[in-house]
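# Structural features, examined
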Amino acid sequence: MLPAEGFAHFPGQMWEKVLSKSNKAVVFMDDRCAESLHWTGGASLLFQAGARNIKQFSSFESGEKNEPKAVFVVSTLLKGRTADIIKDIIALSCFQYCVVFTSVPHSVHLLANNVTSDLEGNPVFEQFEEKLCEWMGDMNYTAEVMYAPVVFAPLSQHFHLLPAFSDVFPLLEVDLKSINEKKPEKRRFGSLMGVDINSVPPQLQLQIKSLASSLNALFEFINTREECYSVGPMSRLIAGELASHPQAKNRRKAAPNKASIVFVDRTLDLTGAVGHHGDNLVEKILSVLPQLPGHVTDIQVDMLELTHLKQIDDTQGILAPGCLAQNQSATARLLWETMLVAKQKEAVLEVRRQLVEAASKENLPIKMSMGRVTAEQLCQYVQLFRDSWGALENNSGVLQLGLAAAQALRHPALSQWDACLAFERLLLQALGDSDLAEVLKQLLPLIKSSESKSGSDSSELTMDDLLVLLVYVYSVAQEACPGDAKEDVERVENELIGALTLRMTQQTTLSPLLQDITGVSSPEELTMDKAHSTLKKVFKTLTGIGHARQHLKQFSSVYNPSDGAHQATYRPFLRQVLEEIFHPDRRECPDVEHMSGGLTDLLKTGFSMFMKVNRPHPGDHPLLFLFLVGGVTPSELRLIREVVSSHKSGTQVLVMSTRLLRPSDVPHLLFNTDRLRPDIGV
């Protein structure tokens, strides 16, 4: 099996371990593992393997009296909160046989228990097996604990997400201050690039080691020796951990296939993450349709239009929602992959073509219409299927994707998308013509005009939109306005904080993002002081965003200034990195750092300073893995494909990331994620 084929099959193969133990069992699964299964084949895989039931991993769930076997699938360490929940479920049940799968390897469990030396066997797992028997009430009952890296969600043949690591995000300047606070002055780090893995809190160390182990399992499965490269401080920590992974040494000696893996920090280009310039249908679907409960990526598709029910309050929530993950039908899977990377116009045309083709196959009375595709037209095609149960069942995947497209295209929030895009273009030009203080002043009328008209116009910018716009401005401000007077900027920032505080306290409802960053659940609880202190922290974080590329020599800007004839433009960071990797001259790039895994690599790097030795280059091998730490957008997936095909290098590029980004995700990751102390279930 070729490595690229192995990459596509790997998530399913990891789930085979779980499936082999699921016969006659009730399966308890946490949200992150459930999301991975959702994209790998869904609950039907477990039921086909003989599972009796699938339940949420929660202290409020239990097995029935006639269910003696349980399987637990978790993405966390088997201690603390995770162990408590397993104990609670067992206490409420009558189990005699328990199997626990964790996606955290035994080596990381040892570290979590402060054991640094390698011990024979799996003592931590064996101890947990004993605990399971204790909780079941009989030491003669059966308990098994094993590692299964079920953390990969295959969104397409060439793109995998890792939902278990969806909150992993590169460290920021505010995090550096936290790290330095506990160090004596002489040993403090000057920049994030100096931070090593032993200097970050234990929770983050364990998370990085767990991620490196999952990637090691992938390379083991595809029998590949990888060279690790990094762009950015967080990528450096992860790449270094993978390069020096103790279990990888033997694999690398014997592996017949070779590949490069380049880790890239999301914080080096937040402009692309929050920008609304992406001409992509999936980006809009993800942004405007409600998320599936417990999921980071997938959304809910309203299936009411496949019935004759009327859209009234009584019919809300009576139908299970549709979704984007389509594993049962090859046609739907191909349509989804096209939607994911195509331009919006191409994607919408393909949705229509597939609906017309499906209707023709089912001999439904379809009326062909040429020209522009509208949401109404897509809905009319979908509704043709509702009177034929067979046709509905045969094409349910394509119909769900067709409805997702239609519901996004006619969604009232789409006008806000266009408004944000217009403001971003204006701000990009203004950044080249004025200083940052002047540009920030232009945001004041936007904030104040919305105070009086809150909710009256669908194109009015919400508080969430304003936070996204601020991230956009600060992410390019450093190179667009390098010589800013600090006092002027601080004065305008204080005015903005005041205006935003007033706006925030006048909200009649708080969005999930505002609830998260303020720590309150209703407008009544939100005091002026609370809103003000929250926004002070937000602006402290924003200031650090602009310095993220300061350490880079070649990729230090994502801003192309206006030259009089052409307007200022955004220059995607990923495009710059890939064009450098695939440059025909194979130039050495100072910003793409090779992470040495052993003595041979170190010698090779050292000798190259004195004599002509070919230093490792990311373009050396026929296969390149690109890992985006902190998320990737659908538009960037298309950009990667375009750059690779334009260079005709013969290299195949496979993409992995921690999440598929929508613009609104970025404020959550910046302002409401404890990047240094992630929740590892303890």
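Residues numbered from 1 in each chain as written. Predicted model: local features only at pLDDT ≥ 70, side-chain atom pairs only at ≥ 80, totals over all residues. Heavy atoms only, no water.

## So, the packing of aromatic side chains
Inspection of the entire model under this criterion finds twelve aromatic pairs. Measuring from centroid to centroid gives 6.1 Å for Phe 28 and Phe 95, while their planes differ by 70°, and the two rings are edge-to-face. Of this pair, Phe 28 sits in strand E1 (residues 26-29) while Phe 95 is found in the loop between helix H4 (80-91) and strand E4 (97-102), placing the two residues 67 residues apart along the sequence. Given a relative accessible area of 0%, Phe 28 falls into the buried group. Aromatic pair Tyr 474 and Phe 539: ring centres 6.3 Å apart, planes at 80°, arrangement edge-to-face. Linking Tyr 474 in helix H21 (residues 463-480) with Phe 539 in helix H24 (residues 528-545), this pair joins segments that are 65 residues apart in sequence. (Phe/Tyr/Trp six-rings, centres within 6.5 Å; stacked < 30°, edge-to-face > 60°. Helix = DSSP H or I, 4+ residues; strand = E, 2+ residues; numbered from the N terminus. Buried < 20%, exposed > 50% of the residue type's maximum accessible area, 1.4 Å probe, protein only.)

## Things to note about the state of the cysteines
Applying the stated criterion across every chain yields a total of zero disulfides. Here Cys 323 stays unpaired: no disulfide links it, and the sulfur of Cys 379, its closest cysteine neighbor, is 18 Å away. The class for Cys 323 is buried, based on a relative accessible area of 12%. (Disulfide = S-S within 2.5 Å.)

## Quick notes on the sheet that holds strand E6 (residues 153-156)
Spatially, E6-E7-E14-E13-E9-E8-E12 is the arrangement adopted by the seven strands of the open sheet, whose pairing is mixed. Only two strands of the sheet have a single neighbouring strand rather than two, namely E6 and strand E12 (593-595). With strand direction ignored, the average angle separating the axes of adjacent strands in the sheet is 25°. In this sheet, strand E7 (residues 159-161) lies alongside E6 in antiparallel orientation, the contact comprising three bridges. Across the sheet, Ala 153 pairs through a bridge with Leu 161, a residue of E7. Together, strand E8 (224-231), strand E9 (257-265), strand E13 (623-629) and strand E14 (652-657) form the strand contacts of helix H8 (residues 202-221), whose direction differs from that of E13 by roughly 160°. (Pairing = 2+ DSSP bridges. Axes fitted to C-alpha atoms, helices over the stretch in contact; angles between N-to-C directions. Contact = heavy atoms within 4.5 Å.)

## Some remarks on the environment of Leu 431
Relative to the helices and strands, Leu 431 resides in helix H18 (residues 414-433). We classify Leu 431 as buried; its relative accessible area is 0%. Taking the C-alpha atoms as reference points, Leu 431 and Val 476, separated by 45 residues in sequence, lie 8.3 Å from one another.

## Re the confidence of the model for the chain
Predicted confidence across the chain gives a mean pLDDT of 89, with 94% of residues reaching 70 or more. For the chain, per-element mean pLDDT is lowest for helix H26 (residues 599-607), which scores 52, and highest for E1, which scores 97. (pLDDT = per-residue confidence, 0-100.)

## Notes on the pairing of E9
By the criterion of burial, E9 is predominantly enclosed, with seven of the nine residues buried. In terms of strand pairing, E8 meets E9 through eight bridges, oriented parallel. Within E9, the residue paired with Tyr 229 across the bridge is Val 262. By the bridge criterion, six bridges tie E9 to E13 in an arrangement that is parallel.

## Quick notes on the nonpolar core
Counting 142 residues, the largest nonpolar core has Leu 440 and Leu 470 as the members making the most contacts within it. Ranked by residue count, the leading element in this core is H21, at twelve residues. (Core = buried A, V, L, I, M, F, W, Y, C linked by side-chain atoms within 4.5 Å.)

## Re helix H17 (residues 396-409)
Residues that lie three or four places apart on an α-helix share one face, since the helix turns once every 3.6 residues. Given a rise of 1.5 Å per residue, 14 residues ought to cover 20 Å, and the 20 Å separating the end C-alpha atoms of H17 matches this to within 8%. Most of H17 is tucked away, with twelve of its 14 residues classed as buried. Within H17, burial applies to Gly 397, Val 398, Leu 399, Gln 400, Leu 401, Gly 402, Leu 403, Ala 404, Ala 405, Ala 406, Gln 407 and Ala 408. Those residues of H17 hidden inside the fold are in contact with helix H12 (281-288), helix H13 (330-341), helix H14 (344-361), helix H15 (375-383), helix H16 (389-394) and H18. (Expected span 1.5 Å × (residues − 1).)

## Some words on the pattern of salt bridges
Summed over all chains, the structure comprises 22 salt bridges. With a closest N to O distance of 4.0 Å, Lys 55 and Glu 64 form a salt bridge. A residue is classified by how much of its surface remains accessible, and Glu 64, at 46% relative accessible area, is partly exposed. Its salt-bridge partner being Glu 337, residue Arg 333 comes within 3.6 Å of it at the nearest N-O pair. Here Arg 333 and its partner Glu 337 are both found in helix H13, four residues apart, which amounts to about one turn of the helix. The same class applies to Arg 333 as to Glu 337, namely buried. A cluster of three or more residues bridged by salt bridges with shared partners is formed by Asp 167, Arg 659, Arg 662 and Asp 665. (Salt bridge = Lys/Arg side-chain N within 4 Å of Asp/Glu carboxyl O.)

## Here's the deal with the sheet that holds E1
Read across the open sheet, the five strands follow the order E2-E1-E3-E4-E5; overall the sheet is parallel. Two strands lie at the open edges of the sheet, namely strand E2 (53-56) and strand E5 (142-147), each paired on one side alone. The mean inter-strand angle of the sheet, taken between neighbouring strand axes irrespective of direction, is 15°. Taken together, the four bridges between E1 and E2 define a ladder with parallel strand orientation. Note on E2: the bridge partner recorded for Val 27 is Ile 54.

## Thoughts on the environment of Ala 4
Structurally, Ala 4 can be placed in helix H1 (residues 3-19). Placed 495 residues apart in sequence, Ala 4 and Ala 499 show a C-alpha to C-alpha distance of 52 Å. Among residues more than four places away in sequence, those in contact with Ala 4 are Gln 652 and Leu 654.

## Comments concerning a positive patch on the surface
Together, Lys 177, Lys 486, Lys 530, Lys 536, Lys 537 and Lys 540 make up a region of like positive charge exposed at the surface. Here the positive patch takes four residues from H24, the largest share from any one element. Mapping Lys 486 onto the fold places it in helix H22 (residues 486-505). Among the residues examined, Lys 486 registers a relative accessible area of 58% and is labelled exposed. (Patch = residues over 30% accessible without salt bridge, like charges linked within 9 Å, V, L, I, M, F, W, Y side chains within 5 Å. Areas by Shrake-Rupley, 256 points an atom, 1.4 Å probe, with all protein chains shown as cover. Lys, Arg positive; Asp, Glu negative; His and termini not counted. Charge placed at Lys NZ, Arg CZ, Asp CG, Glu CD.)

## Considering unusual backbone geometry
Despite not being glycine, Lys 24 shows a phi value in the positive range, around 60°. Mapped onto the elements of the fold, Lys 24 is located in the loop between H1 and E1. We classify Lys 24 as exposed; its relative accessible area is 53%. A positive phi angle is found at Asn 223, which is not glycine, with a value near 55°. By the secondary structure assignment, Asn 223 is in the loop between H8 and E8.

## Some points on H24
With 18 residues, H24 extends 26 Å between its outermost C-alpha atoms, agreeing within 8% with the 26 Å of an ideal straight helix rising 1.5 Å per residue. Residues of H24 that are buried: Ala 531, Thr 534, Leu 535, Val 538, Phe 539, Thr 541, Leu 542, Gly 544 and Ile 545.

## Some details on the side chain of Glu 283
Here Glu 283 is to be found in helix H12. The charged side chain of Glu 283 is buried without a salt bridge, its nearest counter-charge being Arg 638 at 7.0 Å. At 2.6 Å, the side chain of Glu 283 forms a polar contact with the side chain of Ser 635. Setting aside chain neighbours within four positions, we find Glu 283 in contact with Gly 278, Trp 417, Thr 633, Pro 634 and Ser 635. (Polar contact = N/O pair within 3.5 Å; in protein donor to acceptor, adjacent residues only side chain to side chain.)

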